[in-house]
Amino acid sequence: MPNGFNLVPPPGWDSIPLQSGTREAIQRIVQKSVSQLPVGFPKDDIPQARLRLTKELKQTVRQARNSNGLTLYLPVERMHGMLIPASFVASEPLGAPTGNSDPEAVLLDLARDAEDASARELDGTAAIRTLQKLPAHPEKGVEVPSWRVQYTVPIPHSVPAQWLTFSFSTLIAPGMDIDFTETLVELFDAVMTTFRWSYA
């Protein structure tokens with residue numbers, strides 16, 4: 001049975017562990033972001049920018065923890081002048097998501113219940129990929145719709161059976177090019193091809 005996994009995040013992305021070392025990771029990301037502020041950025045505004053980014057990161061961390069998150073991955077560098085409105089979360093090991101303990105049956109249940117599902121393979125283990133568009137929820141602070149891609153994979157030889165999920169989401173901002181959104185989804189799919197079980 002593997003004792004973990006490895007992923008290679010995209011260039012310009014960083015990770016925040018959600019069980020230990022969270023505070024240090026947030027501080028590292030904030031410091032790096034502040035060091036990349038454009039030339040001419042008012043020095044008097046830097047403390048406010050630092051506080052705002054720290055607050056946003058802590059809020060994102062809380063949301064990830066509420067979703068049983070183990071590790072949060074998010075972009076920390078701008079691409080073509082903009083910060084990508086996307087992130088993905090690796091979950092803690094979970095029990096059978098459908099109440100069934102047979103890995104193949106669980107994957108079939110997930111595929112049957114999803115609008116858009118496809119079979120994948122992660123480091124030799126059968127997995128399922130689902131895609132769905134989530135509506136905006138202004139009452140929860142989510143002002144625009146988003147795309148969510150989720151990979152669910154059983155942990156080999158786990159007793160009782162357990163699964164990992166990797167959930168990617170990207171906001172659909174007004175005026176955002178649909179091709180750009182599809183590119184971000186493809187980027188996450190490419191990241192998942194780097195998935196490897198760890199036995200060390």
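For the structure itself, look to the data block above.
My aim in this report is to walk through the structure given alongside it, one point at a time.

1. A look at helix H2 (residues 46–66)
Helical geometry note: an α-helix holds 3.6 residues per turn, so side chains three or four residues apart project in the same direction.
Reasoning step 1: The terminal C-alpha atoms of H2 lie 30 Å apart, and with 21 residues this matches the ideal 30 Å at 1.5 Å per residue to within 8%.
Reasoning step 2: The complete set of buried residues in H2 reads Ala-49, Thr-54, Leu-57, Val-61 and Ala-64. Projected down its long axis, H2 carries its buried residues within an arc of 130°, all on one side. Residues of H2 that are exposed and point more than 90 degrees away from the buried face comprise Gln-48, Leu-51, Lys-55 and Asn-66.
Reasoning step 3: In the core, the buried residues of H2 are packed alongside strand E2 (13–17), helix H1 (22–35), strand E3 (69–75) and strand E4 (86–91).
Reasoning step 4: In the stretch just after H2, Asn-68 is the one whose phi turns positive, near 60°.

2. Quick look at the environment of Pro-85
Reasoning step 1: Tracing the backbone through its elements, the reader meets Pro-85 in the loop between E3 and E4.
Reasoning step 2: Since its relative accessible area comes to 21%, Pro-85 is described here as partly exposed.

3. Here's the deal with the pattern of salt bridges
Reasoning step 1: All told, the structure shown has four salt bridges when counted by the stated rule.
Reasoning step 2: We note a salt bridge from Asp-14 to Arg-28, for which the minimum N-O separation is 2.8 Å. Within this pair, whereas Asp-14 is found in strand E2, its partner Arg-28 is found in helix H1, the two being separated by 14 residues in sequence.
Reasoning step 3: A residue is classified by how much of its surface remains accessible, and Arg-28, at 41% relative accessible area, is partly exposed.
Reasoning step 4: For Glu-77, the salt bridge identified is with Lys-32, shortest N-O distance 3.3 Å.

4. Observations regarding the nonpolar core
Reasoning step 1: Counting 26 residues, the largest nonpolar core has Phe-5, Leu-7, Phe-88, Phe-166, Phe-168 and Phe-188 as the members making the most contacts within it.
Reasoning step 2: Looking at this core, the elements with two or more residues in it are E4, strand E6 (125–134), strand E7 (146–154), strand E8 (163–171) and helix H4 (178–192).
Reasoning step 3: A total of six residues in this core trace back to one element, the largest contributor, which is H4.
Reasoning step 4: Ranked by size, the runner-up nonpolar core spans 14 residues in total, among them Ile-16, Ala-25, Val-30 and Leu-74.

5. Here's the deal with the sheet that holds E8
Reasoning step 1: Strand order across the open sheet formed by seven strands is E2-E3-E4-E8-E7-E6-E5, with antiparallel pairing between neighbours. Each edge of the open sheet carries a strand with a single partner, namely E2 and strand E5 (116–122). Adjacent strand axes in the sheet meet at a mean angle of 20° when their direction is disregarded.
Reasoning step 2: Of the strand pairs in this sheet, E6 and E7 are connected by seven bridges, and their pairing is antiparallel. From the neighbouring strand, Ile-128 faces E7, where its bridge partner is Thr-152.
Reasoning step 3: Against the sheet, H1 contacts E2 and E3, and its axis sits at roughly 155° relative to E2.
Reasoning step 4: Relative to the sheet, helix H3 (residues 103–113) contacts E5, E6, E7 and E8, its axis offset from that of E6 by approximately 20°.

6. Brief notes about the pairing of E4
Reasoning step 1: Taken across its six residues, E4 has six buried, putting it largely inside the fold.
Reasoning step 2: A two-sided burial pattern is seen for E4, the buried positions comprising Ala-86, Phe-88 and Ala-90 on one face and Ser-87, Val-89 and Ser-91 on the other.
Reasoning step 3: Two elements, E3 and E4, share four bridges in a ladder whose sense is antiparallel. Across the sheet, the residue bridging to Gly-69 is Ser-91, located in E4.
Reasoning step 4: Pairing geometry for E4 and E8, over five bridges, is antiparallel. Bridged to Ala-86 within E8 is Thr-170.

7. Focus on the packing of aromatic side chains
Reasoning step 1: Per the stated rule, a full pass over the model turns up nine aromatic pairs.
Reasoning step 2: Relative to Phe-195, the ring of Phe-5 has its centre 5.9 Å away and its plane inclined at 20°; by these criteria the two rings are stacked. Of the two residues, Phe-5 sits in strand E1 (residues 4–6) while Phe-195 sits in the loop between H4 and strand E9 (196–198), which places them 190 residues apart along the sequence. A single burial state applies to Phe-5 and to Phe-195, both of which are buried.

What counts and how
Residues numbered from 1 in each chain as written. Predicted model: local features only at pLDDT ≥ 70, side-chain atom pairs only at ≥ 80, totals over all residues. Heavy atoms only, no water. Helix = DSSP H or I, 4+ residues; strand = E, 2+ residues; numbered from the N terminus. Expected span 1.5 Å × (residues − 1). Buried < 20%, exposed > 50% of the residue type's maximum accessible area, 1.4 Å probe, protein only. Arc of directions from axis to C-beta. Contact = heavy atoms within 4.5 Å. Salt bridge = Lys/Arg side-chain N within 4 Å of Asp/Glu carboxyl O. Core = buried A, V, L, I, M, F, W, Y, C linked by side-chain atoms within 4.5 Å. Pairing = 2+ DSSP bridges. Axes fitted to C-alpha atoms, helices over the stretch in contact; angles between N-to-C directions. Phe/Tyr/Trp six-rings, centres within 6.5 Å; stacked < 30°, edge-to-face > 60°.

Any functional reading would require information beyond the geometric quantities listed.
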